[in-house]
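Residue-level structural notes
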Amino acid sequence: MCIRIDNIKIRPKDDGRDTLIREAAKRLHVSADRIEKLTILKKSIDARKKPDVFLLYQVAVSVSANEKKILSDHRIKNIAPYEKKSYRLVHGLTPSEGRRPVIIGLGPAGLFAGLVLAEAGLCPLIIERGKPAAQRREDVEKFFETGVLEPDSNVQFGEGGAGTFSDGKLNTGVHDRNGRNRFVLETFVKYGAPSEILYEAKPHIGTDRLIEVVSNIRNAIIEKGGEVRFSTQMKSLILTDGRVIGVHTDSGDIATDTVILAIGHSARDTFYELYDEHIPMQAKQFAMGFRVEHPQDFINESQYGKDAAAYLPAAPYKLAYSKGERGVYSFCMCPGGYVVNASSEALHLAVNGMSNYGRDSGNANSAIVVAVGAGEYDMNDPLGAIEYQRSIEKKSYDLCDGRIPQQLYGDFRENRDSTSYGDFESLTKGAHAFANLRGIYSESIENAFIEGMSYFDHRIHGFARYDAIMSGVESRTSSPVRIPRDETFQSSVRGLYPCGEGAGYAGGITSAAIDGIKVAEAVISEMIE
């Protein structure tokens, strides 16, 4: 039996395993040498009452004492029995002839769908239009240096999906009743991620480490009987009588009656092809805006206070403002990160944020985005949102001939050109130049953005500082379309399983991975029946 202890408070300067063991022992009224094993379950930072900042821990301990007696002692608060929740994989299945599942895309959704199916013995075939992560990294670095874009190997496309070149953030709002979230984290750790992601309140891996991790998971899928074909793009589905019977690729046809569609949110050409094939899809609301940079030290001090900041990691933030129909919020915040050129289409430009594991660049950046929808495009046109997205990215590209357009926030607010940085400079992957970002979006969106920044300045004093650096445009916050599916996770086209962020069912690495697991479970159930 283990005992779970909640709400252990430790000051940042005193943090350490020995301190944690002493505090756990003190809470249970036993000596420290009675603690036989201590496992950290959760760790977060409580900075609500600065300068009193604490680390909050939840731990599970085994003690060389009468644990039942300790648990029955009503004087001890915040303790309970602890039993680890584990996700149960299916094993021992064999794919019948012609039923080998095919997965389109090797982002988090496709990766985890493939892993679960491979563990089950169903030998999935995964096709990925991009390259393996290591080769993809070379293409991305070349793009940052030269501006030469590889259409199928860039920040959006390739092994690991778009999340690989962001921050590797793993926090999610998905309620984990069945242990899927824990399985995702444990899988990442098993294949090379740092172990602290198992308990950090806001876990991240970092781009520099995530590349190796996703490659290791792919190799595990292959070792378990799966197959991965890179530089292979689905051109169309092969359908008959409302069912999938195969996939047409640029390397030949693949016969199958089971296709998991995990194409990611930027596969515009695939969305167009699916529309032409009359696959049901819908335009959806999403959000667009700009990347905004601040000095990381400024964010640290605002979040932690001067004293605690010296002992704590680079601070994140999460901000939201709503007035009328326009919501404004921070998205994909990258502590100690870089603004990156995240383009995937020639003559169009989009940006994103990226952090390495150390989060030590010196700047914080986040997308500050505004909700868009019926006011910008026809919600009855499934491709309307994509066309709007493309029009904004074309404006962004044209401003500086493919370089990332930047402007100081104060100049944007006053609608005048920027000519130099203020007290700090941008940290950017890819060429950049000053421009006036006014006019990329409508006046309604610009006004909402400015109102949001003003509100955020009350939450983090100085957030709307004159020299905050804006980069345009942040346009890939989520998929602009949704591909409907039923309770069996299938489209009305039978055998087609829309999955992950591209299909409109996830919003980040972890939620996409969890959706991939759910879809794999649905495929397994269908095959067992």
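Let me sum up the structure you'll find in this document. Computed from a predicted structure; not experimentally measured.

Moving on, we get to the overall build of the chain. A tally of regular secondary structure across the chain gives 13 helices and 24 strands. Against the globule reference of 24 Å for 529 residues, the chain gives a C-alpha radius of gyration of 24 Å, in line with a compact fold. Principal-axis analysis of the C-alpha atoms places the extent of the chain at approximately 70 × 65 × 40 Å. Once local pairs closer than 6 in sequence are excluded, the contacts in the chain between residues at least 24 apart make up 72%.

What follows concerns the side chain of Gln 233. Along the polypeptide, Gln 233 turns up in the loop between strand E7 (227-229) and strand E8 (234-240). Among residues more than four places away in sequence, those in contact with Gln 233 are Arg 129, Asp 152, His 248, Thr 249, Asp 250, Asp 269 and Thr 270.

This next bit is on the packing of aromatic side chains. Applying the stated criterion to the full structure yields 16 aromatic pairs. Ring geometry for Tyr 87 against Phe 183: centres 5.0 Å apart, planes inclined by 35°, an arrangement best described as tilted. Highlighted residues: Tyr 87 in the loop between strand E4 (79-82) and strand E5 (102-104) and Phe 183 in helix H5 (residues 180-190), separated in sequence by 96 residues. With relative accessibility at 16%, the residue Tyr 87 sits in the buried group. Owing to a relative accessible area of 11%, Phe 183 belongs among the buried residues under this scheme. Plain terms: the ring middles of Phe 412 and Phe 449 are 5.7 Å apart, the flat faces sit at 75° to each other, and that makes the pair edge-to-face.

Below, the discussion takes up unusual backbone geometry. Omega for the bond connecting Lys 50 with Pro 51 falls within 30 degrees of zero, at 10°, which places this linkage in the cis form. Turning to its location among the elements, Pro 51 is positioned in the loop between strand E2 (35-49) and strand E3 (52-63). A cis amide bond links Gly 472 with the next residue in sequence, Val 473, at an omega value of -10°. One can find Val 473 in strand E22 (residues 469-474).

Once that is clear, we can look at the nonpolar core. One finds Ile 5, Leu 28, Val 61, Phe 290, Tyr 409, Tyr 441 and Phe 449 to be the most contacted residues of the largest nonpolar core, which totals 64 residues. Membership of the second largest hydrophobic core comes to 56 residues, among which are Phe 144, Ile 211, Ala 220 and Met 527.

What follows deals with the pairing of strand E9 (residues 243-249). Where E8 and E9 come together, six bridges link them in antiparallel fashion. Note on E9: the bridge partner recorded for Leu 239 is Val 244. What sits between the antiparallel neighbours E8 and E9 is a turn of two residues, in which Asp 241 has the positive phi angle 50°. With four bridges connecting them, E9 and strand E10 (residues 252-255) associate as antiparallel partners. Paired with Val 247 across the bridge in E10 is Ile 254. Turn length for the E9-E10 hairpin, with the two strands adjacent in sequence and antiparallel, is two residues.

What follows covers helix H7 (residues 268-276). Listed in full, the buried residues belonging to H7 are Arg 268, Thr 270, Phe 271 and Leu 274. Looking straight down H7, one finds that the buried residues subtend no more than 160° of arc, so they occupy a single side. Close packing links the buried residues of H7 with E8, strand E11 (259-261), helix H10 (384-399) and strand E23 (481-482). Directly beyond the C-terminal end of H7, a positive phi value near 65° is found at His 278.

Let us now look at the sheet that holds E9. As summarised here, the arrangement of the three strands in space is E8-E9-E10, forming an open sheet in which the pairing is antiparallel. Lying at the two open borders of the sheet, with one neighbouring strand each, are E8 and E10. Sheet twist, expressed as the average angle between the axes of neighbouring strands with direction ignored, equals 25°.

Another point: the sheet that holds E7. Pairing is parallel across the open sheet formed by five strands, whose spatial order is E7-E6-E5-E11-E24. Here the strands that pair on one side only, and so sit at the sheet edges, are E7 and strand E24 (496-498). Neighbour to neighbour, the strand axes of the sheet diverge by 20° on average, direction disregarded. As paired elements, E11 and E24 share three bridges and run parallel to each other. Bridging across to E24, Leu 261 finds its partner in Pro 498. Its contacts with the sheet put helix H13 (residues 509-528) on E11 and E24, and the angle it makes with E24 is roughly 160°.

Looking now at the packing of helix H3 (residues 108-120) against H5. Running from N to C, H3 and H5 point in directions that differ by 90°, and their axes come no closer than 12 Å. In terms of their interaxial angle, H3 and H5 are classed as roughly perpendicular. Taken together, the residues of H5 that come into contact with H3 (itself represented by Phe 112, Leu 115 and Val 116) are Phe 183, Val 184, Thr 187 and Phe 188. Classifying every residue of the contact of H3 with H5 by side-chain character gives six nonpolar, one polar and no charged.

Let us now look at the packing of helix H4 (residues 133-146) against helix H6 (residues 207-223). Interhelical geometry of H4 versus H6 gives an angle of 145° and a closest axis separation of 9 Å. On the side of H4, the interface is formed by Ala 133, Ala 134 and Arg 137, while H6 contributes Asp 208, Ile 211, Val 214 and Ser 215. Class assignment of the residues belonging to the contact of H4 with H6 gives a composition of four nonpolar, one polar and two charged.

A word on the environment of Leu 237. The topology assignment puts Leu 237 in strand E8. Look at Leu 237 and you get buried, because its relative accessible area is 6%. In this structure, the C-alpha to C-alpha distance between Leu 237 and His 248, residues eleven residues apart in sequence, is 5.9 Å. Not counting residues up to four positions away in its chain, the partners in contact with Leu 237 are Gly 246, Val 247, Val 259, Leu 274, Glu 277, Ile 279 and Leu 496.

So, about the pairing of strand E1 (residues 2-10). In this sheet, E4 lies alongside E1 in antiparallel orientation, the contact comprising four bridges. Of the residues in E4, the one forming a bridge with Ile 3 is Pro 81. The sheet contact formed by E1 and E3 spans six bridges and is antiparallel. The partner of Lys 9 across the bridge, within E3, is Leu 56.

Reading the values: rules and limits
- Residues numbered from 1 in each chain as written.
- Predicted model: local features only at pLDDT ≥ 70, side-chain atom pairs only at ≥ 80, totals over all residues.
- Heavy atoms only, no water.
- Helix = DSSP H or I, 4+ residues; strand = E, 2+ residues; numbered from the N terminus.
- Rg over C-alpha atoms; globule rule 2.2 N^0.38 Å.
- Contact = heavy atoms within 4.5 Å.
- Phe/Tyr/Trp six-rings, centres within 6.5 Å; stacked < 30°, edge-to-face > 60°.
- Buried < 20%, exposed > 50% of the residue type's maximum accessible area, 1.4 Å probe, protein only.
- Core = buried A, V, L, I, M, F, W, Y, C linked by side-chain atoms within 4.5 Å.
- Pairing = 2+ DSSP bridges.
- Arc of directions from axis to C-beta.
- Axes fitted to C-alpha atoms, helices over the stretch in contact; angles between N-to-C directions.
- Parallel < 35°, antiparallel > 145°, perpendicular 65-115°, else oblique.
- Nonpolar A, V, L, I, M, F, W, Y, C, P; charged D, E, K, R; others polar.

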